[in-house]
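Each chain, letter by letter, is given below.
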Amino acid sequence: MIPVRLTLDPAFRVGPVRRRTFGSFVEHLGRCVYTGIHDPAHPTADADGFRKDVLDLTRELGVSTVRYPGGNFVSGYRWEDGVGPLDQRPARLDLAWHSTDPNTVGVEEFMRWARLAEVEPMMAVNLGTRGVQEAVDLLEYCNVRGGTRLSDQRRANGAPDPYDVRMWCLGNEMDGPWQIGHKTAHEYGRLAAETGRAMRMVDPDLELVACGSSGVSMPTFGEWERIVLTEAYEQVDLISAHAYYWEEDGDLGSFLASAVDMDHFVESVSATADAVRAHKKLDKRIHISFDEWNVWYQHRAESRPPSGHDWPVAPVLLEDRYNVADAVVVGNLLISLLRHTDRVHSASLAQLVNVIAPIMTEPGGRSWKQTIFHPFAQASRYAKGDVLQVAVEAPTYETAKFGDAALVDAVATWDAESGDVALFAVNRSLTETVTIEVDARSLPGLRVVEATTLANPDHTWSATADDDTSVVPRANATATVRDGRVSVQVPPVSWNVVRLGV
Ligand code: AHR
């Protein structure tokens, strides 16, 4: 059994656990909205057509913010189509996903759903086919109390109080040649700056997110952030990061080390933002909104949009089925986001339902949890107080994609008030059980509250509508504490949570 040593110390504080780290994303894409969150024919549907079973699962997942309405979809979206009487809403072509959007769900429905789901809405504006005016109009519709045409229209549509949306994404993935209205960094940086400036004239306290790169592998990565922030630094608060290129393509060792790549992404964007800050001689720091991240098997057939004359409503798209190894990677990516809590102030698991999602539904039928549901729900529930950097002494292994990776990766949170500690750890070994020894002597009096492990001898096991409970986090009886030293055995390819209390 391989020994691994971790050290926990409240002096290694990175920053507070941010609820917004546990955000997700609802896009008009495939069956995320229609037959996902919204399915009027479903037996649990409420008067607005929202599935109560999906609402329950969303709350159980512990989602904090939900980004809406896209994604690539937003870059061709006319938000006005999705407000007002349902029978007057137009069906429109969705160019991004070669689908038809009936506009049965729009801003109003989403805001009602967000309230029921107990999540904070995070809106994106269209800077692909539209610009400053339409962004300001949507903001007026959402956040102005009344007395203007658009705010009064909202009131007339049944929402007397403003939605008071705080976080706004200035477009989506504008660096991507696939994006409708794709722009150069200079073009986008100027547009983001002017849109942000005008939006702040309406509401100075907004938190604005500029588009960063759609991935570290983009040819413009780094330079894009530098130029966009040079143009828009004063007008924005956060820059986005999106990453999906992690998938198991026959090299499980590299796949399990995907968080090394996320660490690199966050650290590179932070360094670039700080370089612009130095150049501009400003105090303000730009933080990261990692507002699309997940494992995504992009090359599989289910990710191919319809084509030709076929423009379906809510087609089956991007409905990836996740296995146990995927869940371990998702858990590890959460570890990476948490350990960067000083720079990552918001994040969104993409997406919430059906589309590369932790929650799956059958139209009119059952809903169920994918394997990736569990690490997210546990991290969201148990990460409290401050994030502690964990010193890890572990053997490393070589990966083809991300260089050397430690066999174990971990982060901890510590709630000074209650004394509760949560240790989140993954074992990346393909074959070996690891004994993790944690030196926690600087946090005296700890005892094990609960230890759980998500693993399976067959790491390719996936949940289905018939069986989503055979592999879930199970009690790990090996966890002990003696003289301030915690010990726990963790099996190969596993996600582990050790909860300690005084
Ligand atoms: O989440 C799926 C898609 O991935 C989003 O629409 C887009 O922003 C990204 O490329």
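All of these numbers come straight from a predicted model, not from anything done at the bench.

Draft legend 1. Local environment of the environment of Ala117. Examined against the element boundaries, Ala117 turns out to sit in helix H2 (residues 107–117). Ala117 sits 60 residues away from Leu57 along the chain, and the two C-alpha atoms are 9.1 Å apart. Apart from residues no more than four positions distant in its own chain, Ala117 is found in contact with Leu55, Thr58 and Arg59.

Draft legend 2. Representation of the domain arrangement of the protein. We note that the domain assignment places domain 1 (2–9 + 387–501) and domain 2 (18–382) within the protein. Computed over C-alpha atoms, the centres of domain 1 and domain 2 are 30 Å apart. Across the boundary between the two partners, domain 1 contributes 41 residues, which contact 37 residues of domain 2. Each partner contributes to the roughly 3,300 Å² buried at the junction of domain 1 and domain 2, and carbon and sulfur atoms together form 66% of this total. Taken together, domain 1 and domain 2 are joined by 3 salt bridges. A salt bridge links Lys401 to Asp249, with the nearest nitrogen and oxygen atoms 2.9 Å apart. At the boundary of domain 1 and domain 2, one finds 16 residue pairs in polar contact (both at pLDDT 80 or more). For the side of domain 1 that touches domain 2, a count of residues per class yields 23 nonpolar, 10 polar and 8 charged.

Draft legend 3. Geometry of the site of the ligand. As a structural note, the neighbourhood of the ligand is formed by Phe25, Glu27, Leu29, Gly71, Asn72, Trp97, Asn172, Glu173, Tyr244, Glu292, Trp296 and Gln351. At 2.7 Å, a side-chain N or O of Glu292 approaches an oxygen atom of the ligand. In the complex, the protein chains occlude 95% of the 280 Å² of accessible area that the ligand would expose alone. Residues belonging to the shell around the ligand are distributed by class as follows: 5 nonpolar, 4 polar and 3 charged.

Draft legend 4. Representation of the packing of helix H6 (residues 223–232) against helix H8 (residues 258–280) in the model. Running from N to C, H6 and H8 point in directions that differ by 40°, and their axes come no closer than 9 Å. By the angle between their directions, the pair H6 and H8 is classed as oblique. The hand of the H6/H8 crossing is right-handed. In this structure, H6 uses Glu225, Arg226, Leu229 and Thr230 to contact H8, whose residues at the interface are Val269, Thr272, Ala273, Val276 and Lys280. Here the contact of H6 with H8 is composed, by residue class, of 4 nonpolar, 2 polar and 3 charged.

About the cut-offs
- Residues numbered from 1 in each chain as written.
- Predicted model: local features only at pLDDT ≥ 70, side-chain atom pairs only at ≥ 80, totals over all residues.
- Heavy atoms only, no water.
- Helix = DSSP H or I, 4+ residues; strand = E, 2+ residues; numbered from the N terminus.
- Contact = heavy atoms within 4.5 Å.
- Domains from an automatic or database assignment.
- Buried area = accessible area lost by both parts, 1.4 Å probe.
- Salt bridge = Lys/Arg side-chain N within 4 Å of Asp/Glu carboxyl O.
- Polar contact = N/O pair within 3.5 Å; in protein donor to acceptor, adjacent residues only side chain to side chain.
- Nonpolar A, V, L, I, M, F, W, Y, C, P; charged D, E, K, R; others polar.
- Near = heavy atom within 4 Å.
- Areas by Shrake-Rupley, 256 points an atom, 1.4 Å probe, with all protein chains shown as cover.
- Axes fitted to C-alpha atoms, helices over the stretch in contact; angles between N-to-C directions.
- Parallel < 35°, antiparallel > 145°, perpendicular 65-115°, else oblique.
- Left-handed = near helix turned anticlockwise from the far one by under 90°.

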